[in-house]
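Per-entry structural report
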Amino acid sequence: MALASTEKVVLGCVAFTIFWVLAVFPSVPFMPVGRTAGSLLGAMLMVLFRVMTPEQAYAAIDLPILGLLFGTMVVSIFLERADMFGYLGSALAWRSRGSKDLLLRVCLVSAVASALFTNDTCCVVLTEFILKLARQNNLPPQPFLLALASSANIGSSATPIGNPQNLVIAVQSGITFGQFLIGVFPAMIVGIVANTCILLCYFWKYLSVPPVAEKDQERGVASAASAGPEVVADDEVASHRFTPARMSHASSFNGGLDGVDEPMRRSDSMNSRAAVDTMSMRSRSYNSEGDIQVAIRSMRASTMSQEMVEVSTVSDRRDDAGVGVVGPRKITRTTSHQRSVIIEDAPEGGVNDDGEKAKDGDGPREKRWKVLVWKTAVYLTTLGMLVALLMGLNMSWSAITAALVLLALDFTDAQACLEKVSYSLLIFFCGMFITVDGFNRTGIPNALWELVEPYSRINSAKGTALLAIVILVLSNVASNVPTVLLLGSRVAASAAAISPASEKKAWLILAFVSTVAGNLTLLGSAANLIVCEQARRAQFFGYNLTFWSHLRFGVPSTIIVTAIGLVIVVSY
């Protein structure tokens, strides 16, 4: 494709540059409008500058990719409501054997979760959970935040639904879900192992230092006991409550049942904090039912104390004016090292979470069965979607079908659930499709590729290495999704001239390298920015993951993981 007219080339470059600046730096001082508005601005300028016609702009929007994105987002919302991410968080904290064991779990859980639920969703849900878990054990947060972001990026490379650029590649290339998984999954596994080893070597010194000496703990317990119940302020205790990070949408099915019949044993390293929290809780007086509810929830959620929560329902029969009234009571018994405290919950059959009277016969047992049946339906529907993808059915319609089935099984107005869909991301993709297609029509990407293409063919080791370097650099300069849109068809056409098998291999190389390239810098992946922002804004547990601290780890990790994974993908 030859270069367009000088006017189109200049105006097209101006529109694309504006899009790129606002996409990479969404809060620039002169126009802090964000990525979504930036992509729409770039698309509008492409049409206003007559780089492309309105009809060409509409045709540039890839509806199958948007449908696949929408379907996977709805499925992820229902999985979060069904406590899937809560279970993943529990797997991190369950019987942890120290800082290194916790780091290994973070790498494994984030890799698996990102492959199935997209890396951005994984980082949104798990960042605050991991941050609080590190603070709880007096561990430096940086290794665990880097482990989450880097492992989520690497893990998402294994499936077409792991990240947006893989969605684009799967739709444009026609590679089935199973072929994609077989081609990239081995490289992902080796990459996760290599990345974990780099994390352990890089932070071995920090992870080997015991968080708090036992003598210091004993001194803390003794000083707290001598100081009396006022030694710790209420707000300080509240600031150390441990609640797993959840997305803003809460399930109506989980109201009042979280933590029921699930004893939680805390870490032995927090004995001193347990004593302080226990004495502070003793010093508080509960004068209203609301205070009692808050106390119960905080005891169930807090992992800063070493206690086990047991919930049981007993029948309370009282005679009021000669009439026997049956009212089940929920008794919460907390057992700690100091003493046992029994707190009586509100009547079970009185008022539910929505402030309405509970229906007759809708007791705790029946509620639990409804929750269990609904969760099972969500998990089976998600499993059916994955099976359909593995069978090679249309990925976009498989995801949309699964989303519609879940919306129907909810038996409620779908508006509340659909409001949680990230429509700003869908709009961003629409604007990006138009802007990138307009930039392609200027002829500049094709002219630049013609200079590099003879030296970057994948039938030689040097060519494969050069192609990987181009993808790495461009993914961190222009972001990975625009890189895939710019290079995808060109890389595939170059490889197709070698053999049909090479074309599929080229798509897989583009998928793996463009995804792992996100670990190079903090700006290389949206997942990195999500972890950084979530950690910085976390209440009471905030941590600032800087650009340079990420770069010091990201450069060696990206180079090593890319080199090892590239060898495996090429040998496919």
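Conventions adopted
Note on numbering: residues in each chain are counted from 1, in written sequence order. Restriction of local features to residues with pLDDT of at least 70 applies here, the model being predicted, together with a cutoff of 80 or more for giving and counting side-chain atom pairs; totals for whole chains, interfaces and linings are based on all residues. With hydrogens and water set aside, each side-chain value is computed from the structure's full complement of heavy atoms. UniProt positions are given in the numbering used here, feature names are shortened, and annotations may be inferred rather than shown by experiment. We define a salt bridge as a contact between a side-chain nitrogen of Lys or Arg and a carboxyl oxygen of Asp or Glu at a distance within 4 Å. Comment: elements are numbered from the N terminus, with helices defined as DSSP H or I runs of at least four residues and strands as E runs of at least two. For each residue, the accessible area found with a 1.4 Å probe, counting protein chains only, is set against the maximum for its type, and the residue is called buried under 20%, exposed over 50%, and partly exposed in between. Distance and chemistry together define a polar contact, namely a pair of N or O atoms within 3.5 Å, with one atom able to donate a hydrogen and the other to accept it when in protein, and with adjacent residues in sequence counting only for side-chain atoms on both sides. Throughout, a contact is declared for two residues whenever any of their heavy atoms are within 4.5 Å. Confidence of the prediction at every residue is given by pLDDT, a number between 0 and 100. To count toward a patch, a residue needs a relative accessible area above 30% and no salt bridge. Like charges then connect within 9 Å, nonpolar side chains (Val, Leu, Ile, Met, Phe, Trp, Tyr) within 5 Å. Surface accessibility in these figures is a Shrake-Rupley result with a 1.4 Å probe; residues are shielded only by whichever protein chains are displayed. By this rule the span expected of a helix is its residue count minus one, scaled by 1.5 Å. To obtain the bend at a residue, axes are fitted to the seven residues ending there and to the seven starting there, and the angle between these axes is taken.

- Taking an unreviewed UniProt entry as the reference, the protein chain is identified by name as Citrate transporter-like domain-containing protein belonging to Eleusine coracana subsp. coracana.
- Checking UniProt for the protein chain, the heading Subcellular location (unreviewed entry) contains the comment "Cell membrane".
- Heading Sequence similarities (unreviewed entry) of the UniProt record for the protein chain holds this comment: "Belongs to the CitM (TC 2.A.11) transporter family."

Topic: the pattern of salt bridges
- All told, the structure shown has six salt bridges when counted by the stated rule.
- A salt bridge links Asp 101 to Arg 105; the nearest nitrogen and oxygen atoms lie 3.1 Å apart. Taken together, the residues Asp 101 and Arg 105, both in helix α6 (residues 99–117) and four residues apart, mark about one turn of the helix.
- The residue Arg 441 makes a salt bridge to Asp 437 at a minimum N-O spacing of 3.0 Å. A residue pair is termed a helical-turn pair when its members lie 3 or 4 positions apart in one helix, as Arg 441 and Asp 437 do in helix α19 (residues 423–441) at four residues.

Thoughts on the side chain of Ser 76
- Of note, Ser 76 is situated in helix α4 (residues 63–81).
- Overall, Ser 76 belongs to the buried group, its relative accessible area being 7%.
- Engagement of the side chain of Ser 76 in a polar contact is seen with the backbone oxygen of Thr 72, the distance being 2.9 Å.
- What Ser 76 contacts, discounting residues up to four positions off in sequence, is Phe 85, Phe 117 and Thr 121.

Describing the confidence of the model for the protein chain
- Per-residue confidence for the protein chain gives a mean pLDDT of 74; residues scoring 70 or more make up 72%.
- Throughout residues 212–361 the model reports pLDDT below 50, and contacts reaching past four residues in sequence, or to other chains, amount to 216 contacts.

Concerning a nonpolar patch on the surface
- A cluster of nonpolar residues, Phe 185, Ile 189, Val 190, Val 193, Val 555, Ile 559, Ile 560 and Ile 564, forms a patch on the protein surface that exposes about 600 Å² of accessible area.
- Secondary-structure elements contributing two or more residues to the nonpolar patch are α10 (177–202) and α25 (547–570).
- Tracing the sequence through the fold places Ile 189 in helix α10.
- Residue classification places Ile 189 among the partly exposed residues on the basis of a relative accessible area of 38%.

Examining helix α7 (residues 119–136)
- In a regular helix each residue adds 1.5 Å, so 18 residues correspond to 26 Å; α7 covers 25 Å between its end C-alpha atoms and thus fits that length.
- In α7, a bend of some 40° at Leu 126 exceeds every other bend along the element.
- Of all 18 residues making up α7, 14 are buried, and the element is well covered by its neighbours.
- Backbone geometry just downstream of α7 places Asn 138 in the positive-phi region, at approximately 55°.

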